[in-house]
Amino acid sequence: MGAMTASTGRRVLLAAPRGYCAGVDRAVIAVEKALEQYGAPVYVRHEIVHNKYVVQTLEKKGAVFVERTEEVPPGNIVMFSAHGVAPVVHEEAARGRLATIDATCPLVTKVHKEAVRFANEDYDILLIGHEGHEEVIGTSGEAPDHIQLVDGPGDVAKVEVRDPSKVVWLSQTTLSVDETMETVDALKEKFPQLISPPSDDICYATQNRQLAVKQMGAEADLVIVVGSRNSSNSKRLVEVAKLAGARASYLVDFADEIDEAWLEGVTTVGVTSGASVPEVLVEQVLEWLSQRGFEDVEIVKAAEESITFSLPKELRRDLREEAAALIEQRTGGSGTAER
């Protein structure tokens, strides 16, 4: 390979923006700060963000990931993941005598508030999103009697509402922008008086990353998306790449998952990463590609990002003391019977 470098015509298009969004950055730092301030263990309900590497790294530092609030022993600290939780989860934590840190992304919280407001005004809420995704479970839990899930355009036919003049749509923050608008158009055809949310629910980071991949996919033979299988926004980038014209697109957690066979007949490789992916994993992919003659890297820039969020306010309090106090209340409290 040595002699054949510059003239091979092999190049990499690197998407910008890519990787961490503000909500993920905030959630990951929140776990690290909680471990620093309060010591291990800090329990986290659900993966803090949908990324294998991040979860493994935080586990090594003393975070303990659980799927159910009941798994956390009384008197401990539990953190809620960036995807948000239903109100019932806050109740479970109170019953379990746990001090809580809420690392829900503020842009997810915004959707929760919209759900509560429209439910209070007695609207039927059509939540566009993926069944079983943590974010959808959390948002639906804000107003289960008013919300029904619409999982893509194919779901529209079976939607029924009480009053077609009082219908609103909301969405998961990490969907495909184009597919969501397709779903909305189909819903509007069925319910002409359908109201849209006051501001777009698909977050800035999801939209920007898809925009960059669209520009890239048109020129790339192959697009490699760094991200985990359970990351909704990462999986969407693979779909967007293919729709934009890339011959092939694959999702990998790590560089060593790339198959050499994918490079056959390929001169242009696009690279991007989902919103919960640390940059080190992208660097390893670029290194892997450069060892195979793809050394020329061009940035494809679709947007500037400067959004940051302040850390969860609970990190300013002494939660270990609060957790201990909750154990003390064992005999007192509100007198509700244990389940």
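Cut-off values and rules
Residues numbered from 1 in each chain as written. Predicted model: local features only at pLDDT ≥ 70, side-chain atom pairs only at ≥ 80, totals over all residues. Heavy atoms only, no water. 1 Å grid on protein atoms, 1.4 Å probe; cavity = no way out; pocket = protein on both sides within 12 Å on 5 of 7 lines; lining within 4 Å. Points joined across faces, edges and corners; volume = space filled by probe spheres on them. Helix = DSSP H or I, 4+ residues; strand = E, 2+ residues; numbered from the N terminus. Nonpolar A, V, L, I, M, F, W, Y, C, P; charged D, E, K, R; others polar. Pairing = 2+ DSSP bridges. Axes fitted to C-alpha atoms, helices over the stretch in contact; angles between N-to-C directions. Contact = heavy atoms within 4.5 Å. Phe/Tyr/Trp six-rings, centres within 6.5 Å; stacked < 30°, edge-to-face > 60°. Buried < 20%, exposed > 50% of the residue type's maximum accessible area, 1.4 Å probe, protein only. Expected span 1.5 Å × (residues − 1). Arc of directions from axis to C-beta. Polar contact = N/O pair within 3.5 Å; in protein donor to acceptor, adjacent residues only side chain to side chain. UniProt positions renumbered as here; feature names shortened; annotations may be inferred.

Inspection of the entire model under this criterion finds 2 cavities of 30 Å³ or more. Space inside the largest cavity adds up to approximately 290 Å³. Around the largest cavity, the lining comprises 24 residues; the ones closest to its centre are C21, V24, H83, T174 and N233. When contributions to the lining of the largest cavity are tallied by element, the ones reaching two or more residues are α1 (22-38), α4 (106-120), α7 (204-217) and α8 (232-243). Among the elements that take part in the lining of the largest cavity, α7 stands out by supplying 3 residues, more than any other. Of the residues assigned to the lining of the largest cavity, the class counts are 12 nonpolar, 11 polar and 1 charged. The computed volume of the second largest cavity comes to approximately 70 Å³. Along its surface, the second largest cavity is lined by I128, G129, H130, D151, G152, L175, S176, E179, T180, T183 and R236. Residue contributions to the lining of the second largest cavity peak at 3 residues, all from helix α6 (residues 177-190).

Pairing between sheet strands relies on hydrogen bonds along the backbone, with the strands arranged either parallel or antiparallel. Reading across from one edge, β3-β2-β4-β5 is the order of the 4 strands in this open sheet, with parallel pairing throughout. A single partner strand is all that each edge strand has here, and the edge strands are β3 (63-66) and β5 (99-102). Averaged over all pairs of adjacent strands, the angle between their axes in this sheet comes to 30°, without regard to strand direction. Judged from the 4 bridges that link them, strand β2 (residues 42-45) and β3 form a sheet pairing that is parallel. Bridging across to β3, Y43 finds its partner in V64. Packing of α1 onto the sheet brings it into contact with β2, β3, β4 (77-80) and β5, and relative to β4 it is tilted by some 170°.

Under the defined criterion, the tally for this structure stands at 3 aromatic pairs. Between the aromatic rings of Y53 and F254, the centroid separation amounts to 6.4 Å while the plane-to-plane angle is 70°, which identifies the pairing as edge-to-face. Of this pair, Y53 sits in helix α2 (residues 52-61) while F254 sits in the loop between β10 (248-252) and β11 (268-273), and the two are 201 residues apart along the sequence. Taking the relative accessible area as the measure of exposure, Y53 reaches 29% and is therefore partly exposed. Summarising the aromatic geometry, the rings of Y250 and W262 are spaced 3.8 Å apart at their centres and angled 5° between planes, so their arrangement reads as stacked.

Looking now at α6. If you check α6, its first and last C-alpha atoms are 20 Å apart, about what 14 residues at 1.5 Å a residue would give, namely 20 Å. What α6 keeps buried is the set T180, T183, V184 and L187. All buried residues of α6 fall inside an arc of 100° around its axis, so they share one side. Summarising the contacts, the buried residues of α6 are in contact with β6 (124-128), β7 (147-150) and β8 (167-171).

What follows covers the side chain of R236. In this fold, R236 is placed in helix α8. A polar side-chain atom of R236 sits 2.9 Å from a polar atom in the side chain of E239. Contact partners of R236, with chain neighbours within four places excluded, come to H130, T174, L175, S176 and Q210.

Moving on to the UniProt feature "binding site: dimethylallyl diphosphate" (unreviewed entry) in the chain. The UniProt feature table records "binding site: dimethylallyl diphosphate" (unreviewed entry) at H50, H83, H133, S231, S232, N233 and S276. For the largest cavity, the lining residues drawn from the annotated set are H50, H83, H133, S231, S232, N233 and S276. By secondary structure assignment, the location of H50 is in the loop between β2 and α2. Every residue in contact with H50, bar those within four places of it in the chain, is listed here: H83, H133, S228, N230, S231 and S276. Polar contacts involving the side chain of H50 include one to the side chain of H46, which spans 2.8 Å. Note on placement: H83 falls in the loop between β4 and α3 (87-95).

Put simply, side chains in a regular strand alternate between the two faces of the sheet. Along β11, 6 of the 6 residues are buried, which leaves the element largely enclosed by surrounding structure. Side chains of β11 alternate between two faces, with T268, G270 and T272 and V269, V271 and S273 buried alike. Across 4 bridges, strand β1 (residues 11-16) lies against β11 in parallel orientation. The residue bridging V12 from the neighbouring strand is V269, located in β11. When strand β9 (residues 222-226) meets β11, the two strands line up parallel, connected through 5 bridges. Looking across to β11, one finds that V226 is bridged to S273.

This brings us to helix α9 (residues 279-290). Helix length check: α9 (12 residues) gives 17 Å between terminal C-alpha atoms against 16 Å at 1.5 Å per residue, within 8%. For α9, the complete set of buried residues consists of L281, V282, V285, L286, W288 and L289. Summarising the axial view, the buried residues of α9 lie within an arc of 160°, below the 170-degree limit, and thus occupy one face. Among the structural elements, β1, α2, β9 and β11 are those in contact with the buried residues of α9.

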